[in-house]
Amino acid sequence: MKNIECPEKIFENIFEIINEALWVIKNDRIVYSNKLGYEIFKCESKKDIIGKSVWDMSPEFQPGGIVSKSQGLRYLVRAANNETPVFGWTHKNLKGDLFETEISLSRFDYEGGIFVLAMLANIEDKRNLEKQLVEAKKQAETSAELKTKFLANMSHDIRNPLNAILGFSKILAEEAELSDLERRKYAALIESNGSKLHNLINDIIDVSLIEANQMHIDNKRCEVNGILEELYLTFQKRIENRDNLRLKLNIAVDDPGFAIYSDPMRLRQVLSNLIENAIKYTKQGFVEFGYQILDNKSIQFFVKDSGIGIEPEYLNNIFMRFSRESNANANGIKGTGLGLDISKRLVTLLGGKIWVFSTLNIGSEFYFNLPAVFLDYKPKKKEEKEKPKSTRDVNWSDKHILIAEDDVINFELLRIILSKTKVKVTQAINGREALDIIAKDDSIDLLLLDIQMPVMNGYEVIKEVRIVKPDLPVIAQTAVSLDNVENGNYANLFDGCLSKPIDVKTLIQKIEDCFIP
Ligand code: ADP
């Protein structure tokens, strides 16, 4: 048979079309790459990759903290010794994103030089799939666990009120000697247990309707203020015996007919669920609800409380069906874990989103927004508030600021800066003293609170302030950098945060924002 001449070009073509990323490496430089070899690195042409060192295409460290260069050199040396190492590797593409590959190296010699052929298989999809599978398995297990807990709770929640209803009805029917007072007491117990059962059955029906895609949304004229006021009256009546709990309503549009296009019944249901929870999980302090109009695009409702708060690690699951926090504080507070799941699904059906901020032992803030289709209402364009630029732009002669600061120099500095605004300033040298002054002096309009203080630090102080004077604006000052301040929990706890050294302009603006919200 005649020998077929095989021109080198054929190999080059094969090299290009092969479904694997290939590099030819000399020492540690990439001297050749096929199309896939540069495409998986998001490079547009060979030019972007040829001549680069293999370390340029890797992060400095591999997972586990090993330096990429020393680890990679070991593999290249093994390949040069005619081994064919196969190993997992984390690469970095041109945009700086990391991805995982499986590499196999083999040596070949050409015109007296030693070269290494690297085959790179992108296993990112495989890894992602593995991660998704692990996540799905975890979720399935959690969901099974939650269902078991839910059934246990549910049978308790159904049996208890049923027992009470049956028991007291029997007494009413069979005991002839009951006084009027006893009769009324037992009838009230039957009624309250009946309404508990009624609520539970409604929740279960709602869950089934949502699950079967049968929850009907009836959008129509929805008079927001009327709904909120009605809820206020209902819940106010419910907590009238709780002297240490205040219910506050915050209405943004001062017009009784203010209406949006939405489903009034479902809006009422979501707000009612959130207020009910806020009251349930708040022993003392306040529960505040209301709405704000944001950028004329959406209306944002909120329900805030000064209650037990939610553990940070539980916050992600808070809207998951059947999920209930095992927080020691919540022990004894009964529930099924259906309310927030239903609320989230209803808000989604209404075209909005729901979210929460919470700090353990400080309180929770639930927000949801709905698309703003206003009826007979033109939101006023927000006039841009002229921001004060220096101490000369403001006159706070009628205001009184309490500065809780243990460091004499820092206090003196603040006092001098603020003196130009004509504000009255008082110093507290530790947290305990700050609380004493706030309790005695009603003229304090704002507390400037240093976080790192002896006796009682800023966190301990804010907890107390939120209970004794929930409306007092508090600005925290901290030596932590502002990046951490704004990413941390501070933003939820305080009305403003300042990082030291204090910038005068920011100080003035933050205080002004509290005085004229
Ligand atoms: P439940 O019937 O248990 O109250 P929800 O779905 O309404 O069910 O709430 C789920 C869980 O979220 C509650 O068990 C509680 O742990 C937590 N939670 C909800 N609202 C609050 C709140 N305002 N403060 C603290 N924890 C809350």
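Residues numbered from 1 in each chain as written. Predicted model: local features only at pLDDT ≥ 70, side-chain atom pairs only at ≥ 80, totals over all residues. Heavy atoms only, no water.

A.B. asks: Could you clarify how one ought to interpret the sheet that holds strand β4 (residues 98-110) in this entry?
C.D. replies: One open sheet accounts for five strands, arranged β2-β1-β5-β4-β3; its pairing is antiparallel. Each having just a single partner strand, β2 (29-33) and β3 (86-92) make up the two edges of the open sheet. Across the sheet, the mean angle from the axis of one strand to that of its neighbour is 40°, orientation sign disregarded. With respect to the sheet, helix α1 (residues 8-17) is in contact with β1 (21-26), β2 and β5 (113-122), its orientation differing from that of β2 by roughly 100°. (Pairing = 2+ DSSP bridges. Helix = DSSP H or I, 4+ residues; strand = E, 2+ residues; numbered from the N terminus. Axes fitted to C-alpha atoms, helices over the stretch in contact; angles between N-to-C directions. Contact = heavy atoms within 4.5 Å.)

A.B. asks: What am I meant to see in the packing of helix α6 (residues 224-238) against helix α7 (residues 264-280) here?
C.D. replies: Between two packed helices, both the angle of their axes relative to each other and the distance between the axes serve to describe the pair. Between α6 and α7, the shortest axis-to-axis distance is 11 Å and the interhelical angle comes to 30°. Viewed along their axes, α6 and α7 form a crossing whose handedness is right-handed. The residues of α7 that touch α6, namely those facing I227, L228, E230, L231, F235 and R238, are P264, L267, R268, L271, S272, I275, E276 and I279. For the contact of α6 with α7, a count of residues per class yields nine nonpolar, one polar and four charged. (Left-handed = near helix turned anticlockwise from the far one by under 90°. Nonpolar A, V, L, I, M, F, W, Y, C, P; charged D, E, K, R; others polar.)

A.B. asks: Explain helix α12 (residues 458-468) to me, please; I cannot follow it from the model alone.
C.D. replies: An α-helical segment advances 3.6 residues per turn. Residues three or four places apart therefore align on the same side. Here α12 has its buried residues at G458, V461, I462, V465 and R466. All buried residues of α12 lie within an arc of 130° about the axis, which places them on one face of the element. (Buried < 20%, exposed > 50% of the residue type's maximum accessible area, 1.4 Å probe, protein only. Arc of directions from axis to C-beta.)

A.B. asks: Would you mind showing me how to read the pattern of salt bridges here?
C.D. replies: As a working rule, side chains carrying opposite charge can pair if their charged atoms are close by. Scanning the model with the defined rule gives 21 salt bridges in all. Here E240 makes a salt bridge to K237, at a shortest N to O gap of 3.7 Å. A salt bridge links E412 to R415; the nearest nitrogen and oxygen atoms lie 2.6 Å apart. Within this pair, E412 and its partner R415 are both found in helix α10 (residues 408-419), separated by three residues, close to a single helical turn. Looking at E412, the relative accessible area reads 31%, which means it is partly exposed. With a relative accessible area of 34%, R415 lands in the partly exposed category. (Salt bridge = Lys/Arg side-chain N within 4 Å of Asp/Glu carboxyl O.)

A.B. asks: Even after reading the chapter, I still don't get the packing of helix α11 (residues 431-440) against α12, so can you show me in this structure?
C.D. replies: For the pair α11 and α12, interaxial distance at closest approach is 9 Å and the crossing angle is 15°. If you check the angle between α11 and α12, you find them roughly parallel. Viewed along their axes, α11 and α12 form a crossing whose handedness is right-handed. Side by side, α11 and α12 meet where G431, L435 and I438 of the first sit next to V461, E464 and V465 of the second. (Parallel < 35°, antiparallel > 145°, perpendicular 65-115°, else oblique.)

A.B. asks: Would you explain the sheet that holds strand β11 (residues 353-359) in this entry?
C.D. replies: Sheet strands pair by backbone hydrogen bonding; their relative direction is either parallel or antiparallel. The mixed open sheet is built from five strands, whose spatial order is β7-β9-β10-β12-β11. Strands with a single pairing partner mark the edges of an open sheet, and in this sheet they are β7 (245-250) and β11. Neighbour-to-neighbour, the strand axes of the sheet open up by a mean angle of 10°, direction not taken into account. Sitting on the sheet, α7 touches β7, β9 (285-294), β10 (298-305), β11 and β12 (363-371), and the angle it makes with β10 is about 20°.

A.B. asks: What exactly am I supposed to notice about the pairing of β1 here?
C.D. replies: A regular strand places its side chains on the two faces of the sheet in alternate fashion. Most of β1 is tucked away, with five of its six residues classed as buried. Here β1 pairs with β2 via four bridges, running antiparallel. Residue W23 lies in a different strand from β2, and its bridge partner there is S33. Between β1 and β2, which pair antiparallel and follow one another directly, the connecting turn spans two residues, one of which, N27, has a positive phi of 55°.

A.B. asks: Looking at this structure, how should I read the side chain of T421?
C.D. replies: Structurally, the position occupied by T421 is in the loop between α10 and β15 (424-428). At 2.7 Å, the side chain of T421 forms a polar contact with the backbone oxygen of L418. Excluding anything up to four places from it in sequence, T421 contacts T391, V394, N395, W396, S397 and I508. (Polar contact = N/O pair within 3.5 Å; in protein donor to acceptor, adjacent residues only side chain to side chain.)

A.B. asks: Explanation requested: the state of the cysteines in the structure shown.
C.D. replies: Joining two cysteines, a disulfide is a covalent bond between their sulfur atoms. In total, this model carries zero disulfides according to the counting rule given. As a non-bridged cysteine, C497 has C514 as the owner of its nearest cysteine sulfur, 10 Å distant. (Disulfide = S-S within 2.5 Å.)

A.B. asks: What is the right way to read α11 from this model?
C.D. replies: All of the buried residues in α11 are G431, A434, L435, I437 and I438. Buried positions in α11, seen along its axis, are confined to an arc of 165° and lie on one side of it. Of the residues in α11, the exposed ones pointing more than 90 degrees away from the buried face are A439 and K440.

A.B. asks: How should I be thinking about the environment of I275 in this particular structure?
C.D. replies: Relative to the elements of secondary structure, I275 occurs in helix α7. Sequence separation between I275 and L247 is 28 residues, and the spatial gap between their C-alpha atoms is 9.6 Å. The residues touching I275, leaving out its near neighbours within four places in the chain, are L231, F235, V287, F289 and V303.

A.B. asks: Help me understand a nonpolar patch on the surface in this model?
C.D. replies: A cluster of nonpolar side chains, contributed by I10, F11, I14 and I18, occupies part of the molecular surface with about 350 Å² of accessible area. Here I18 is to be found in the loop between α1 and β1. Take I18: its relative accessible area is 38%, and that puts it in the partly exposed class. (Patch = residues over 30% accessible without salt bridge, like charges linked within 9 Å, V, L, I, M, F, W, Y side chains within 5 Å. Areas by Shrake-Rupley, 256 points an atom, 1.4 Å probe, with all protein chains shown as cover.)

A.B. asks: Would you mind showing me how to read the nonpolar core here?
C.D. replies: Counting residues in each nonpolar core, the largest one holds 50 residues, and the members touching the most others are F301 and F368. With seven residues, the single largest contributor to this core is α7. The contact partners of F368, leaving out residues within four places of it in the chain, are L267, V270, L271, L274, I299, Q300, F301, V347, K353, I354 and W355. Of all hydrophobic cores here, the second largest spans 23 residues; its members include A21, I25, I40 and C43. (Core = buried A, V, L, I, M, F, W, Y, C linked by side-chain atoms within 4.5 Å.)

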